[in-house]
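# Geometric and topological summary
Each chain, letter by letter, is given below.
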Amino acid sequence: IEGVADGPDLHPVQAALAAHHGLQCGYCTPGMVLGIIDLLASGRVRARSTHQEIAEALAGHLCRCTGYAGIVAAVASLAGATGPGGGSGGGSGSRSGIGSGPGSGR
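Notes on the structure in this doc start here. (Residues numbered from 1 in each chain as written. Predicted model: local features only at pLDDT ≥ 70, side-chain atom pairs only at ≥ 80, totals over all residues. Heavy atoms only, no water.)

## A look at the packing of helix α1 (residues 12-19) against helix α2 (residues 29-42)
Between α1 and α2, whose axes approach to 9 Å, the crossing angle comes to 115 degrees. With respect to α2, the element α1 is oriented roughly perpendicular. Crossing angle aside, the handedness with which α1 passes α2 is right-handed. Across the interface between the two elements, V13, Q14 and L17 from α1 touch V33, I36, I37 and L40 from α2. (Axes fitted to C-alpha atoms, helices over the stretch in contact; angles between N-to-C directions. Helix = DSSP H or I, 4+ residues; strand = E, 2+ residues; numbered from the N terminus. Parallel < 35°, antiparallel > 145°, perpendicular 65-115°, else oblique. Left-handed = near helix turned anticlockwise from the far one by under 90°. Contact = heavy atoms within 4.5 Å.)

## Quick look at α1
Note on helix geometry: an α-helix contains 3.6 residues per turn, so any two residues three or four positions apart are oriented the same way. When α1 is considered as a whole, its buried residues turn out to be V13, Q14, A16 and L17. Burial along α1 is one-sided: seen end-on, the buried residues are contained in an arc of 165 degrees. Of the surrounding secondary structure, the elements contacted by the buried residues of α1 are α2 and α4 (69-79). With its phi angle positive at about 55 degrees, H21 sits one or two positions after the end of α1. (Buried < 20%, exposed > 50% of the residue type's maximum accessible area, 1.4 Å probe, protein only. Arc of directions from axis to C-beta.)

## Digging into the environment of V72
Positionally, V72 belongs in helix α4. Considered as a pair, V72 and I54 are 18 residues apart in the sequence and their alpha carbons are 6.3 Å apart.

## Here's the deal with α4
All of the buried residues in α4 are G70, I71, V72, A74, V75, A76 and A79. Following α4 by one or two positions, G80 has its phi on the positive side, about 75 degrees.

## A closer look at the nonpolar core
Among the nonpolar cores identified, the biggest contains 21 residues, and L17, M32, I36, V45, I54, L58 and I71 are the most heavily contacted of them. When residues of this core are traced back to their parent elements, those giving at least two are α1, α2, α3 (51-57) and α4. (Core = buried A, V, L, I, M, F, W, Y, C linked by side-chain atoms within 4.5 Å.)

## Remarks on unusual backbone geometry
In this structure, H21 takes a positive phi of about 55 degrees despite not being glycine. Examined against the element boundaries, H21 turns out to sit in the loop between α1 and α2. In this structure, Y68 takes a positive phi of about 75 degrees despite not being glycine. By the secondary structure assignment, Y68 is in the loop between α3 and α4. Assessed through its relative accessible area of 0%, Y68 is described here as buried.

## What about the packing of α2 against α4?
Orientation of α2 relative to α4, taken along the N-to-C sense of each, is 35 degrees, at an axis distance of 11 Å. Crossing geometry of α2 relative to α4 is assigned as right-handed. Residues M32, I36 and L40 of α2 lie in contact with α4, whose contacting residues are I71, V75, L78 and A79. Residues of the contact of α2 with α4, tallied by class, amount to 7 nonpolar, no polar and no charged. (Nonpolar A, V, L, I, M, F, W, Y, C, P; charged D, E, K, R; others polar.)

Right under this line is the structure:
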């Protein structure tokens, strides 16, 4: 995780998570940062992605502190998501299914 930043400057994913209050205790941060970098690089999250699609793409990452609204907003801002149901609007602050499934406690 230390290698994703460019010297003293945060990686854009790290900066977006900080700007959208998507970080709290730091336990999930390394996995979230690397996972988000992969989601954006692979095209699994795009400008037309809705908050729900972003939440589903992050479903393998468990965060018990933030409620995910800030994390989803950060990803949406990086993907340039806009429009109805897209990344720039709304967001209920719910967990949106992130972290659901076997072993997640949900």
